[in-house]
Amino acid sequence: MNSKKNEFCLNFVLVVTSILFPILLIELFVTFVLDIRVPSYDPGRFFKNDPITGWSKKTDSEGYWYLYFDGTKNYVRNNSHGFTDRERKIVKSKPRIALIGDSTTEFWEAEEENRGQFLMEERLKGEWEVLNFGVRGFATDQTYLLLKHSGMKFSPDVVIYTFCINDIGENGVTSYKPYFHLEEGKKQNPILKNFPVPERVDWNKKSQISFHEGVDKVLNHYSFLYRRVSQIIKFNPVGRNANFSLDEQGELKMYKKVYDTWDEHLWALQFALILEMKRFLDSQGVRFLLVEGVYGNVLDPERMAWSIDHYGDVFDPEKVTRLLKEFSEREQIPFLSIQDQVKRRRIPITDIMHPEDYVHLNAAGIKLYSDWVLEKLQSLNWL
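Here goes a summary of the coordinates provided. (Residues numbered from 1 in each chain as written. Predicted model: local features only at pLDDT ≥ 70, side-chain atom pairs only at ≥ 80, totals over all residues. Heavy atoms only, no water.)

Attention now moves to the overall build of the chain. Within the chain one finds 14 helices and 11 strands. In terms of overall dimensions, the chain is globule-like: its C-alpha atoms have a radius of gyration of 23 Å, near the 21 Å expected for 383 residues. Residue burial in the chain is summarised as follows: out of 383 residues, 51% are buried. Taken as a whole, the chain presents about 18,800 Å² of accessible surface, with 55% of it coming from carbon and sulfur. In the chain, 50 positive and 54 negative side-chain charges are present, and the distance between their average locations comes to 2 Å. (Helix = DSSP H or I, 4+ residues; strand = E, 2+ residues; numbered from the N terminus. Rg over C-alpha atoms; globule rule 2.2 N^0.38 Å. Buried < 20%, exposed > 50% of the residue type's maximum accessible area, 1.4 Å probe, protein only. Areas by Shrake-Rupley, 256 points an atom, 1.4 Å probe, with all protein chains shown as cover. Lys, Arg positive; Asp, Glu negative; His and termini not counted. Charge placed at Lys NZ, Arg CZ, Asp CG, Glu CD.)

Here the focus is the side chain of Asp-35. Tracing the sequence through the fold places Asp-35 in the loop between α1 (2–33) and β1 (47–50). Separated by 3.4 Å, the side chains of Asp-35 and Arg-37 make a polar contact. For Asp-35, the contacting residues outside a window of four places in its chain are Val-30, Tyr-64, Tyr-66 and Lys-73. (Polar contact = N/O pair within 3.5 Å; in protein donor to acceptor, adjacent residues only side chain to side chain. Contact = heavy atoms within 4.5 Å.)

For the rest of this paragraph, the subject is helix α4 (residues 140–149). Among the 10 residues of α4, 8 are classified as buried, and the element is accordingly described as predominantly covered. When α4 is considered as a whole, its buried residues turn out to be Thr-140, Asp-141, Gln-142, Thr-143, Tyr-144, Leu-145, Leu-146 and Leu-147.

All right, on to the packing of aromatic side chains then. Applying the stated criterion across every chain yields a total of 22 aromatic pairs. Consider the rings of Tyr-144 and Phe-280, whose centres lie 6.2 Å apart with planes at 75°: the pair is edge-to-face. Residue Tyr-144 is located in helix α4, and its partner Phe-280 is located in helix α8 (residues 261–283); the two are separated by 136 residues in the primary sequence. Judged by its relative accessible area of 14%, Phe-280 is buried. Grouped by ring-pair contacts, the aromatic residues Phe-46, Phe-47, Trp-65 and Trp-108 constitute a single cluster. Here the guanidinium or amino end of Arg-37 rests over the ring plane of Tyr-41, the centre of that ring lying 4.9 Å away. (Phe/Tyr/Trp six-rings, centres within 6.5 Å; stacked < 30°, edge-to-face > 60°. Lys NZ or Arg CZ within 6 Å of the ring centre and 35° of its normal.)

All right, on to the pattern of salt bridges then. Using the criterion set out here, one finds 28 salt bridges in the structure. Where Glu-109 meets Arg-136, a salt bridge forms, and the shortest distance between an N and an O atom there is 3.3 Å. Of this pair, Glu-109 sits in the loop between α2 (103–106) and α3 (116–123) while Arg-136 sits in the loop between β6 (129–132) and α4, placing them 27 residues apart in sequence. Taking the relative accessible area as the measure of exposure, Glu-109 reaches 11% and is therefore buried. Look at the salt bridges and you will find they share partners, linking Asp-85, Arg-86, Arg-88, Arg-96, Glu-121 and Glu-129 into a network. (Salt bridge = Lys/Arg side-chain N within 4 Å of Asp/Glu carboxyl O.)

The next point concerns the sheet that holds β6. Remark on secondary structure: sheet strands pair via backbone hydrogen bonds, oriented parallel or antiparallel. Across the sheet, which stays open at both edges, the 5 strands sit in the order β6-β5-β7-β10-β11 with parallel pairing between neighbours. The open sheet has two edge strands, β6 and β11 (335–337), and neither has a second partner. Strand after strand, the sheet turns through a mean of 20° between neighbouring axes, direction not considered. Across the sheet, α8 is in contact with β5 (96–100), β7 (158–163) and β10 (287–292); its angle to β7 comes to roughly 170°. (Pairing = 2+ DSSP bridges. Axes fitted to C-alpha atoms, helices over the stretch in contact; angles between N-to-C directions.)

What follows deals with the pairing of strand β4 (residues 73–77). Only one face of β4 is covered, namely the one carrying Asn-74 and Val-76; the face carrying Lys-73, Tyr-75 and Arg-77 has none of its residues buried. Here strand β3 (residues 62–66) pairs with β4 via 5 bridges, running antiparallel. The residue of β4 that forms the bridge with Trp-65 is Asn-74. What sits between β3 and β4 in their antiparallel hairpin is a turn of 6 residues, with Gly-71 showing a positive phi close to 100°.

This brings us to the packing of α8 against helix α11 (residues 319–331). One way to put it is that α8 packs onto α11 with a least axis distance of 12 Å and a crossing angle of 40°. One finds that α8 runs oblique with respect to α11. Helix-helix and strand crossings are classified by hand; for α8 and α11 the assignment is right-handed. Between α8, through Trp-267, Phe-271, Ile-274 and Leu-275, and α11, the contact on the second element is made entirely by Val-320, Leu-323, Leu-324, Phe-327 and Glu-331. (Parallel < 35°, antiparallel > 145°, perpendicular 65-115°, else oblique. Left-handed = near helix turned anticlockwise from the far one by under 90°.)

This part takes up unusual backbone geometry. Trans peptide bonds make up most of the peptide bonds, and negative phi angles are found at most residues other than glycine. Following Phe-195, the chain continues into Pro-196 via a peptide bond in cis, with omega recorded as 0°. Examined against the element boundaries, Pro-196 turns out to sit in the loop between β9 (191–193) and α6 (215–222). In this structure, Asp-60 takes a positive phi of about 50° despite not being glycine. As for its placement among the helices and strands, Asp-60 is situated in the loop between β2 (54–57) and β3. Accessibility expressed as a relative area gives 56% for Asp-60, which makes it exposed. Here the phi dihedral of Lys-125 falls at roughly 60°; this positive angle occurs in a residue that is not glycine. Here Lys-125 shows up in the loop between α3 and β6.

Position of Thr-162 relative to the elements: it lies in strand β7. Separated by 58 residues in the primary sequence, Thr-162 and Thr-104 have C-alpha atoms spaced 7.4 Å apart. A polar contact is formed between the side chain of Thr-162 and the side chain of Tyr-369, at a distance of 2.6 Å.

Turning next to the nonpolar core. Core analysis: the biggest nonpolar cluster contains 62 residues, and Phe-163, Ile-165, Trp-267, Leu-281, Phe-288, Leu-290 and Tyr-295 have the highest contact counts within it. Broken down by secondary-structure element, the contributors of at least two residues to this core are β5, α4, β7, α8, β10, α10 (301–311) and α11. At 11 residues, α8 tops the list of elements feeding residues into this core. Beyond its immediate stretch of four places on either side in the chain, Leu-290 contacts Tyr-161, Phe-163, Ile-274, Leu-324, Ser-328, Ile-333, Pro-334, Phe-335 and Leu-336. (Core = buried A, V, L, I, M, F, W, Y, C linked by side-chain atoms within 4.5 Å.)

There is a patch of nonpolar side chains on the surface, built from Phe-21, Leu-24, Leu-25, Leu-28, Phe-29, Phe-32, Val-33 and Leu-34 and spanning about 810 Å² of accessible area. Looking at the element boundaries, Phe-32 is found in helix α1. On the basis of relative accessibility, which here comes to 61%, the residue Phe-32 falls in the exposed class. (Patch = residues over 30% accessible without salt bridge, like charges linked within 9 Å, V, L, I, M, F, W, Y side chains within 5 Å.)

So, in structure tokens, the structure goes:
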């Protein structure tokens, strides 16, 4: 009896080992030979706490930034001022354009030579400098504070703020960053809160996940195979968990036909922050262009069809562009919609975005962005 039991246990161990050992070999090969990591792996290599904006980039840091679940990565270099750009002098020798915004302004989704600031400088034949002040994860409030406290030291002549759809919701976050409070019934003069920002993150530990955080989170962080299988099972074409409610879908909910009170408040805050930026730049004699970035989930028919099927016919794909355009006309702010350009020219988002992405442009998309922005500046006679 004992010999049969021992034989069964041995066979069980052999079967389990024959399954787990190849999986372990694949995981080790993928991680250490192919260098495929979880997206945004080890952010402490590039970011640090900052009392003004909540976080900022480490100076003179470089390495690979891991972008997507399929292992795509690009090399990143931050200069001595803490911006992903070539080295720049504070005192300018020629006119300057400053690009401000979040990760959609950083252009980490393309290799260095294909990033917007360098494409623009090349097309301008070296007659202008184009400086990139984009910081991953920033909301409009942080972008404004960075411009005011750091970017203006470089004396830009033109500032281009690229609005990303997730800026709206992130402006409403109050827990780990500076934020602006808009008093009831007032649409202007937002009040700065949580400033300076208390230190809150140990960036060296941010990429370390332990089992007390949950098996799913640990496996998603450390296992390439688990991430790939989970992506197929859990996630829908919109790029979010299919079990999320529409209110948890962040960007997508801003395209609802009918807003609730909180949505309307977030839009009022967004507009107030853009106006603050515009007034500040006007006072410094600097020209300001508002640019709307892309949101692939309303440009892609398959993704939009899934959203309607899942949440109902509650969406207006033109709404965000229309609101931004009406606001810009009302406040006399020059405006360019990349979203509208892509739609009118019937450019497939698969041509300008990675399959796993819905807000960041690839190299081809960044080339179009750069061309259209410069054409807009030319039409305004700013160049």
